Amino acid sequence: MALTGPLLVLLGMMTRILTVGTWAGEGGTARVKSIYVQELPIVILVIQIELPGAITIVDPFLIQRSSGIPYYCKELLGCLLCNDMLLLRTRRRAEKAEDNWESLITSAVEASPLAATSSSSAGNDGRVCIIRPDVNPENTVLPTTLKEIALAQLDRIKPLKQTVLKFAAVIGPVFTTQLLSHILPDGMRHKMNCLLDMLVSDNILKWLKTTEVPEDVRDPTKGPGTSRQAGRGVERPSPSKKTTERQSGVLVFCVPLLREAAYELWPERQRVALHRKCAAFLERHAHKCKSCGQGDFVAFHRFTVTSTRKGGSSQGPAEQGDPHSWEALVLAGEQLKRDRTHGPEGALQQQQAFLEEDFGVAGWFLAKSEQTAELPSKTNRKHSGTCSCECKAIVESVLVPLARHYVAMGDAARAFYYLLESAAAYLHVSNSYVALMKLHEAEVLRNSLEKKANVIARFEEATFFSLKGEVCWRMGHVKLAKKMLREALSLLGRQFPRTSMGAFVKSQVEKLPYATYVARRASSLPQEARRKRLAWLLRQSRCLSLLEHLFSLEGTSSGQTFSLLAARMKANTDRAVDSYQAADSCHR
């Protein structure tokens, strides 16, 4: 693609104002300036390349990966351009988009808060350049120039510190010392905290928080375990084996590109082995928080897919993970959430409100959904509306990384499993936008596996469509939501009719008594089979509950007919759920 013309790129919300300047390089020139939008400073990079008209490129990938450095952004954009990963579109807000999943994804990307802000300068018909929907920018290799810069920085680091960085790089941009200790070789664990403190002093890592050693296990000859957390006048005791092994905390990479370069230094076989260790550690925490019942985000999900049980994820949530690891992962998740939303803590709520306002959701629907009570569900969700529990952090620090680890290991089935868990978790905490993005990642992965038979289980397919239906409902695409939910019910073995005649026949069938048969069958099954069946029934109930609600909104006789049918089918399904749950409790 040949290039000329101005290209406008939002680099993100920064905490400082950059000096206006110009810089030239191969393929064009760039200038930087700082402006304020919604009282938040936004750094803008303008690169002169060969495309007519004003074009806006907006993506979190550029913000996080470039660290606000114009040269880094230019090289990253050049890499995307050379690999045909960019998509040019004309943005016309007055034009009605097609009612399909692909259009919903594209509209979501174009209507992000940064894109909405930047397009105001180009008018309602501004041209928008986005990363292609079928491309995951996290999987793109570093451009050679940036890799050389990062490797030169790594070469100046002492070997032991460099080794710790390489292990931490496998975990991600934010990591806990418990997980790092889990994947480090035995001979390095007693030196870990000392080396981390040195890396913090070198401004390569940053401590977010450290946990004090418990009183009953502390070395009596030493003071309390501390860290160099910003050097606030507290003297750090000399490291000993006991204090360094027991100290725990959360750290973040100060330079994202340094982490990526360190990660790429691993040979493939060793890298896969380390991803497997990380996944084994995180799976002990892959569940809801204590206040939400500690179950799977897709109810009884782990009992439906055999492949997810080989890696140790089959143990119950009550048996998993220690409290200190959980607390550290919650803190890490809160930091990852801040990084994803690109704003200082005080601006997060304002930015989220801005996102919802401009996302393309009809105002009437948002107002109605806020006033509507949570749909009846058998998942015992204790939070309605916005969830204020620890699940928000766990999805960021556990579920999303688990999907990434399994992709790196080449285990598509488990990666798909955790992408579905991530999407369900984001819906659980009322974040429909990120749930949509996770389902899009799942679809890209699913499409890449179409030629391989039996990789994704039938229940996974059904859950995929039901979650898509729920996202469509929350975003006001009612017709598309009904289509997705019908597809999900079909995969779950519960056909929902499309015609009035079909609805009449189905309603007569649903009146037939079969509660005795269900109760007898439930009591005869082993526990694992009962819970697998429970997962199918609960997913059916959720789909039917949504359909009942959606058809009731139509206000027509046909809509009323389908709504009553969905309610009757759901009532029968819930009776079956009660029978299976009663049988399960009796056999414990």
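**Things to note about helix H23 (residues 527-552)**
The end-to-end C-alpha separation of H23 is 37 Å, in line with the 38 Å expected for 26 residues at 1.5 Å each. Across the 26 residues of H23, 19 count as buried, placing the element largely inside the fold.

**Description of the pattern of salt bridges**
Two side chains of opposite charge can pair, provided their charged atoms sit close to one another. With the rule as written, the count across this model stands at 14 salt bridges. A salt bridge links Arg414 to Asp411; the nearest nitrogen and oxygen atoms lie 3.4 Å apart. Asp411 gets classed as partly exposed once you look at its relative accessible area, which sits at 22%. Residues Glu461 and Arg446 are paired through a salt bridge, measuring 3.0 Å at the closest nitrogen-oxygen approach. In this pair, Glu461 sits in helix H19 (residues 458-474) while Arg446 sits in helix H18 (residues 432-448), placing the two residues 15 residues apart along the sequence. When its relative accessible area of 17% is taken as the criterion, Arg446 is described as buried.

**A short note on the pairing of strand S10 (residues 248-253)**
The two faces of the sheet receive side chains in turn, since in a regular strand these alternate between them. By the criterion of burial, S10 is predominantly enclosed, with six of the six residues buried. Residue alternation in S10 divides its side chains into two sets, Ser248, Val250 and Val252 and Gly249, Leu251 and Phe253, and both sets are buried. Sheet topology places strand S8 (residues 174-176) next to S10; three bridges connect them, and they run antiparallel. Bridge pairing in S10 links Thr176 to Val250.

**Some remarks on the packing of aromatic side chains**
Throughout the structure, instances matching the rule amount to 11 aromatic pairs. Between Phe175 and Phe253 the ring centres are 5.9 Å apart and the planes differ by 55°, which places this aromatic pair in the tilted class. Residue Phe175 is found in strand S8, and its partner Phe253 is found in strand S10; the two are separated by 78 residues along the sequence. The interplanar angle of 70° and the centroid separation of 5.5 Å between the aromatic rings of Phe464 and Phe465 together place this pair among those described as edge-to-face. Three or more aromatic residues link up through ring pairs in this structure, and these residues are Tyr406, Tyr417 and Tyr418. The positively charged end of Lys166 is found above the aromatic ring belonging to Trp266, 4.7 Å away from the centroid.

**Comments concerning the side chain of Arg542**
Mapped onto the elements, Arg542 comes out in helix H23. When its relative accessible area of 10% is taken as the criterion, Arg542 is described as buried.

**Details of the nonpolar core**
Of all hydrophobic cores here, the largest spans 120 residues; its most connected members are Phe175, Leu180, Leu196, Leu205, Leu436 and Phe496. Top element by residues in this core is helix H17 (residues 412-428). It accounts for 12 residues. Contact partners of Phe496, with chain neighbours within four places excluded, come to Arg486, Leu489, Leu544, Leu547, Phe551, Phe562, Leu565, Ala566 and Met569. Val518, Leu534, Leu537 and Leu538 belong to the second largest nonpolar core, which has 10 residues in total.

**Let's talk about the confidence of the model for the chain**
Per-residue confidence for the chain averages 74 on the pLDDT scale, and 65% of its residues sit at or above 70. The secondary structure element of the chain with the lowest average pLDDT is helix H15 (residues 363-371), at 36, and the one with the highest is helix H12 (residues 268-282), at 96. Confidence drops under a pLDDT of 50 for residues 113-119, and excluding neighbours within four residues, the segment shows 25 contacts in the predicted structure. Contacts for the low-pLDDT stretch residues 307-319, under 50 throughout, to residues beyond four places or in other chains number 27 contacts.

**Quick notes on helix H21 (residues 500-510)**
All of the buried residues along H21 are Ala503, Lys506, Ser507 and Glu510. Take H21 and look down its axis: the buried residues cluster within an arc of 105°, on one side only. Its buried side turned inward, H21 meets helix H24 (557-586).

**A short note on a nonpolar patch on the surface**
On the surface, Met501, Phe504, Val505, Val509 and Leu512 cluster together into a nonpolar patch covering about 510 Å² of accessible area. Turning to its location among the elements, Phe504 is positioned in helix H21.

**A short note on the environment of Phe504**
Residue class for Phe504 comes out partly exposed when judged on its relative accessible area of 49%. Put simply, Phe504 and Thr561 are 57 residues apart on the chain and 8.4 Å apart in space, counted from C-alpha to C-alpha.

**Section: unusual backbone geometry**
Unlike most non-glycine residues, Asp84 shows phi in positive territory, near 55°. Even without being glycine, Phe300 reaches a positive phi, approximately 60°.

**Points about a negative patch on the surface**
A cluster of acidic side chains, namely Asp322, Glu327, Glu334 and Glu390, defines a negative patch on the protein surface. In this fold, Glu390 is placed in the loop between H15 and helix H16 (391-409).

**Description of the side chain of Ser563**
Its place among the elements puts Ser563 in helix H24. Not counting chain neighbours up to four residues away, the residues in contact with Ser563 comprise Glu548, Phe551 and Ser552.

**Looking at the environment of Val305**
Mapped onto the elements, Val305 comes out in the loop between H12 and helix H13 (323-341). For Val305 and Ala413, which are 108 residues apart along the polypeptide, the C-alpha to C-alpha distance reads 9.0 Å. Excluding residues that lie within four positions of it along the chain, Val305 makes contacts with Tyr417 and Glu460.

**Structural notes on the environment of Ala424**
Of note, Ala424 is situated in helix H17. Among the residues examined, Ala424 registers a relative accessible area of 8% and is labelled buried. As a C-alpha pair, Ala424 and Thr463 span 39 residues in sequence and 9.4 Å in three-dimensional space. When sequence neighbours within four positions are dropped, the list of residues in contact with Ala424 reads Phe297, Val298 and Leu467.

Rules and cut-offs
Residues numbered from 1 in each chain as written. Predicted model: local features only at pLDDT ≥ 70, side-chain atom pairs only at ≥ 80, totals over all residues. Heavy atoms only, no water. Helix = DSSP H or I, 4+ residues; strand = E, 2+ residues; numbered from the N terminus. Expected span 1.5 Å × (residues − 1). Buried < 20%, exposed > 50% of the residue type's maximum accessible area, 1.4 Å probe, protein only. Salt bridge = Lys/Arg side-chain N within 4 Å of Asp/Glu carboxyl O. Pairing = 2+ DSSP bridges. Phe/Tyr/Trp six-rings, centres within 6.5 Å; stacked < 30°, edge-to-face > 60°. Lys NZ or Arg CZ within 6 Å of the ring centre and 35° of its normal. Core = buried A, V, L, I, M, F, W, Y, C linked by side-chain atoms within 4.5 Å. Contact = heavy atoms within 4.5 Å. pLDDT = per-residue confidence, 0-100. Arc of directions from axis to C-beta. Patch = residues over 30% accessible without salt bridge, like charges linked within 9 Å, V, L, I, M, F, W, Y side chains within 5 Å. Areas by Shrake-Rupley, 256 points an atom, 1.4 Å probe, with all protein chains shown as cover. Lys, Arg positive; Asp, Glu negative; His and termini not counted. Charge placed at Lys NZ, Arg CZ, Asp CG, Glu CD.

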